[in-house]
Amino acid sequence: MAAVRQQEVTHIIGGGLAGSEAAWQIAARGLPVVVHEMRPVRATPVHKTAALAELVCSNSFRSDDREHNAVGLLHEEMRRVGSLIMRAADANQVPAGGALAVDRDGFSAAITKAVEAHPLIEVRREEIAGLPPAEWESVIVATGPLTSPALAEAICRCTDEDALAFFDAIAPIIYRDTIDMTIAWMQSRYDKTGPGGSGLDYINCPLSREQYDGFVAALLSGDQVAFHDWEAATPYFDGCLPIEVMAERGRETLRHGPMKPFGLTDPRPGADKPYAVVQLRQDNKLGTLFNMVGFQTKLKHGEQVRIFRTIPGLERAEFARLGGLHRNTFLNSPRLLDATLRLIAEPRLRFAGQITGCEGYVESAAIGLLAGRFAAAENRKEAFQPPPSTTALGALLNHITGGHVDADPAAAGAPRSYQPMNINFGLFPPISGLPTRGDSGQRLRGPAKGLARKQALCRRALHDLEEWSTSGPRLAAE
Ligand SMILES: Cc1cc2nc3c(=O)[nH]c(=O)nc-3n(C[C@H](O)[C@H](O)[C@H](O)COP(=O)(O)OP(=O)(O)OC[C@H]3O[C@@H](n4cnc5c(N)ncnc54)[C@H](O)[C@@H]3O)c2cc1C
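Bear in mind that the values here come from a model prediction, so they are computed numbers and not experimental data.

Basis of the calculations
Residues numbered from 1 in each chain as written. Predicted model: local features only at pLDDT ≥ 70, side-chain atom pairs only at ≥ 80, totals over all residues. Heavy atoms only, no water. Helix = DSSP H or I, 4+ residues; strand = E, 2+ residues; numbered from the N terminus. Buried < 20%, exposed > 50% of the residue type's maximum accessible area, 1.4 Å probe, protein only. Areas by Shrake-Rupley, 256 points an atom, 1.4 Å probe, with all protein chains shown as cover. Core = buried A, V, L, I, M, F, W, Y, C linked by side-chain atoms within 4.5 Å. Contact = heavy atoms within 4.5 Å. pLDDT = per-residue confidence, 0-100. Near = heavy atom within 4 Å. Polar contact = N/O pair within 3.5 Å; in protein donor to acceptor, adjacent residues only side chain to side chain. Nonpolar A, V, L, I, M, F, W, Y, C, P; charged D, E, K, R; others polar.

(A) Region of the structure containing the overall build of the chain. Summing up its helical and strand segments, the chain has 12 helices and 19 strands in all. Across the 478 residues in the chain, those meeting the buried criterion constitute 54%. Just so you have it, the chain exposes about 20,500 Å², and 53% of that area is on carbon and sulfur atoms.

Okay, here's the thing in structure tokens:
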């Protein structure tokens, strides 16, 4: 990096999804950045490589439907405002029906290459093991759910708040050539093709009623990894429940969750309709690895192998990675951060990514993108309006910086506790003037009405994003 004035430099701690995106946004505005990433000098309990923006579990960015789905809309908004993460995801897509899934190694290699090659970005491989030095005037902390303990403790001390915590679980990955394709078959649910799929993107393993009952019983009696004392009272994030926890909620729960059989037909001649189905999704570009969709688990490794091999088609499965469970750490952001993600108690520190209490790869990158833009504008002493809350970017930011803190009428007006959140339509302001009739004049009811509402929210979001992005400071290259 060319010699620059110290006060122009933004220091980003953590080169994950959020940190990489933030660095890219700042450098794209002609300002210098130093990214401090501790891997490979110091490992996290989950990351496996030294690459930037490593995906620690699923390789899916979830739905890519920008017309009816909140995360699909967020993808589209990020593409339109120049996201590096979305560019690399699109370039490394693997087939996954209506979802955007990526070759994980290709994806993080692309991010690493882009960030390391940028003339305004320097990557230093070091742990920042406490609050950053006072002379760093602009800092983005993007250290994620597995923030190293020394930094986490320093943040806790300076915020005078207890960090909250919950658990995230990871699902196993299987070598494709060990799956018995005389039993399993390729099909996307309802034959959906999606943007990059063929309608035949998932491997499906069918279970009869007896096999399903046996499988659920095995899960319930399987040996689980014991919790440490400090973990015992920590809640799960509902979007990432271990399968054995779902099984505990009722015999049918899995059959209506990750093992649902709907929209899938066993093509073998004379085959019965499956009672339940386990789906596996391609995990790398080569198509040699497939992950078990929704099969996060805290079963002991030996138990996972034993129980998952009872699934028809997986009798001889070899596992490239087994599932596991990890703690997450996040700030009480609505209380601690201002509207531009700065720590109120120490405004030179801005936060981004999962540590702010958003949940998921895409959401973390989105908040990284906004933190980068806020930091760049501040450095240039430019006014920068946050995106309107009618956009997915704005709705997510609003959730983090205070929008969600409603009084809870069910609890005598007490404020609701802050919980991590994926992007969802519930975070968007309501929309008025919804169509009551469809294209052919029929009255909209039930699901059709819901779909029309989502479509209207998405259209409004993209319209408002366009106005926002054309009214603010422009990129040199734009
Ligand atoms: C076990 C597990 C499974 C998950 N599964 C999924 C999933 O399937 N799908 C999904 O969408 N999301 C999943 N998540 C959430 C996912 O991690 C986050 O959504 C996303 O990676 C967060 O992005 P981030 O940039 O905030 O953090 P990260 O991507 O984790 O990046 C943080 C970076 O900071 C570095 N770092 C930490 N402390 C320091 C320090 N003191 N100094 C320097 N560097 C430091 C780390 O090495 C890391 O590279 C999972 C999380 C966990 C923990």
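(B) Layout of helix α2 (residues 70–80). Most of α2 sits out of view: nine of its 11 residues are buried. For α2, the complete set of buried residues consists of A70, V71, G72, L73, L74, H75, E76, E77 and M78. Just downstream of α2, G82 is the residue with a positive phi angle, here 85 degrees.

(C) Broad picture of the nonpolar core. Counting residues in hydrophobic clusters, the biggest one holds 85 residues, and the most contacted among them are F61, F107 and I423. The biggest single contributor to this core is helix α10 (residues 361–379), with 12 residues. Contacts of F61, omitting those with residues within four sequence positions, involve L55, V71, H75, I85, M86, A89, L100, A101, V102, F107, Y361 and V362. Counting residues in each nonpolar core, the second largest holds 34 residues, with A171, V216, M259 and V278 among its members.

(D) Just the confidence of the model for the chain, in detail. Per-residue pLDDT for the chain has a mean of 88; in total, 89% of the residues score no lower than 70. Ignoring residues within four places in sequence, the model shows residues 405–416, a span with pLDDT below 50, making 14 contacts including any to other chains. Confidence drops under pLDDT 50 across residues 474–478; counting only partners more than four residues distant or on other chains, this segment forms four contacts.

(E) Highlighting the site of the ligand. Lining the immediate environment of the ligand, one finds 35 residues, of which A18, E37, R39, Q354 and Y361 sit closest. A distance of 2.8 Å separates an oxygen atom of the ligand from a polar side-chain atom of R39. The contact in question runs from an oxygen atom of the ligand to an N or O atom on the backbone of Y361, over 2.8 Å. Burial of the ligand by the protein amounts to 96% of the accessible area it has alone, namely 970 Å². Counting only elements with at least two residues in the shell around the ligand, the list comes to α1 (17–28), β2 (33–37), β8 (164–170) and α10. When residues of the shell around the ligand are assigned to their parent elements, the largest contribution, three residues, is made by β8. When the residues that make up the shell around the ligand are grouped by side-chain class, the tally is 14 nonpolar, 16 polar and five charged.

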